[in-house]
Amino acid sequence: MSCGTGCNCQGPCGCRPIVVPSQITEAHLCDQVAPYLYQGGASAPSRGYALVALCAAEHQPPDSLFHGARVLRVPLRDRQPTDAEVVLAFRAARVVAEAVRDRRPCLVTCYQGLNRSGLVTALSLVLMGHSGDWAIRQVQFRRTGALFNRHFQEVVREVCRQRRQQAAGAAR
C-alpha cells in the first residue's frame, strides 16, 4: 500500500524521501512532514505552494498574500474541538490529501504551526493510508513540539477507528 505521494513507500513506512520544490525558501519557518506536505506557523513563507490551509481562527490573512495559491480557510481553536470543528478539519484534510497525491505542494498553518495545523496535517496523512498513531508520530517528529493537544490526537485516532470499522463493514 502506497501513501499516494509518489515516494514509492510501502504505506506507513516513514515516507522518508523529501521533495523540495525549488520555489520554496525559508524552510526553517516550516517543516516538511511528507513529500509535498509542509506544516508551519503564521510566519511561514507564502510563496511556492499550490494550496495553503489557514487553521488559526484568530489569523486569517487575505488570499492576496499567498501569490496565487488556493487558500483553504479552516478556522479552528486550540482546545477541545466541537463536532463542527472536527468536520471542518476533516474536510480540509481531504482537500490537502488530494493535493498532495497530485504532487502539489501544500502548506498547512496555524498561528504557531503546532496543534491546529498538526491536526489537519495528521488527518491528511490518515486519508493517504497511514495509521493514526503513525500520523501523529510523523507530525511530532518532523515538527518539534507539534500536535501535543491530546484532544486533537484523539480526533485523529477516532477517525482511524471509524475508517477501520467502515472498511470491515464493507468487506462483509
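The rules behind each value
- Residues numbered from 1 in each chain as written.
- Predicted model: local features only at pLDDT ≥ 70, side-chain atom pairs only at ≥ 80, totals over all residues.
- Heavy atoms only, no water.
- Axes fitted to C-alpha atoms, helices over the stretch in contact; angles between N-to-C directions.
- Helix = DSSP H or I, 4+ residues; strand = E, 2+ residues; numbered from the N terminus.
- Parallel < 35°, antiparallel > 145°, perpendicular 65-115°, else oblique.
- Left-handed = near helix turned anticlockwise from the far one by under 90°.
- Contact = heavy atoms within 4.5 Å.
- Nonpolar A, V, L, I, M, F, W, Y, C, P; charged D, E, K, R; others polar.
- Phe/Tyr/Trp six-rings, centres within 6.5 Å; stacked < 30°, edge-to-face > 60°.
- pLDDT = per-residue confidence, 0-100.
- Pairing = 2+ DSSP bridges.
- Buried < 20%, exposed > 50% of the residue type's maximum accessible area, 1.4 Å probe, protein only.
- Core = buried A, V, L, I, M, F, W, Y, C linked by side-chain atoms within 4.5 Å.

A few words on the packing of helix α1 (residues 83-101) against helix α2 (residues 116-127). Here α1 crosses α2 at 60°, and the two axes come no closer than 8 Å. Taken together, the axes of α1 and α2 are oblique relative to one another. Crossing geometry of α1 relative to α2 is assigned as right-handed. Residue-level inspection shows Ala 89, Phe 90, Ala 92, Ala 93, Arg 94, Val 96, Ala 97 and Arg 101 of α1 in contact with α2, the latter providing Leu 119, Val 120, Leu 123, Ser 124 and Leu 127. Residues of the contact of α1 with α2, tallied by class, amount to 10 nonpolar, one polar and two charged.

Quick look at the packing of aromatic side chains now. Counted under the stated rule, the structure contains one aromatic pair. For the ring pair Tyr 38 and Tyr 49, a centre distance of 5.6 Å and an interplane angle of 70° mean the geometry is edge-to-face. Of this pair, Tyr 38 sits in strand β2 (residues 37-40) while Tyr 49 sits in the loop between β2 and β3 (51-56), and the two are 11 residues apart along the sequence.

The next subject is the confidence of the model for the protein. With 84% of its residues at a pLDDT of at least 70, the protein reaches an overall mean of 85. Low pLDDT, under 50, characterises residues 5-27; the stretch is placed with 52 contacts to residues that sit more than four places away or in other chains.

Time to look at the sheet that holds strand β4 (residues 70-76). Backbone hydrogen bonds are what pair the strands of a sheet, in a parallel or an antiparallel way. Judged by pairing direction, the sheet is mixed, and its five strands sit side by side in the order β1-β2-β5-β3-β4 without closing on themselves. The sheet terminates laterally at β1 (30-34) and β4, the two strands that pair on one side only. Recorded for the sheet is a direction-independent mean angle of 20° between the axes of neighbouring strands. Sheet topology note: the β1/β2 ladder contains four bridges and is antiparallel. Note on β2: the bridge partner recorded for Cys 30 is Gly 40. Contacts from α1 reach β2, β3, β4 and β5 (106-109), with the element oriented near 155° to β4.

Next up on the list: helix α3 (residues 132-142). Each α-helix turn comprises 3.6 residues. Residues three or four places apart therefore point the same way. Of the residues making up α3, those classed as buried are Gly 132, Trp 134, Ala 135, Ile 136, Gln 138, Val 139 and Arg 142. Where α3 is buried, its residues contact β1, β2, α2 and α4 (150-171).

So, about unusual backbone geometry. Unlike most non-glycine residues, Tyr 36 shows phi in positive territory, near 70°. Its location among the elements puts Tyr 36 in the loop between β1 and β2. Look at Leu 147: it is not a glycine, yet its phi comes out positive at around 50°. Looking at where Leu 147 falls in the secondary structure, it is placed in the loop between α3 and α4.

Leu 37, Cys 55, Val 74, Val 96, Leu 119, Val 120 and Leu 125 are the most contacted members of the largest nonpolar core, which has 41 residues in total. Breaking this core down by element, the ones donating at least two residues are β1, β3, β4, α1, β5, α2, α3 and α4. Excluding residues that lie within four positions of it along the chain, Cys 55 makes contacts with Gln 60, Val 74, Pro 75, Leu 76, Val 108, Thr 109, Cys 110, Arg 116, Ser 117 and Val 120.

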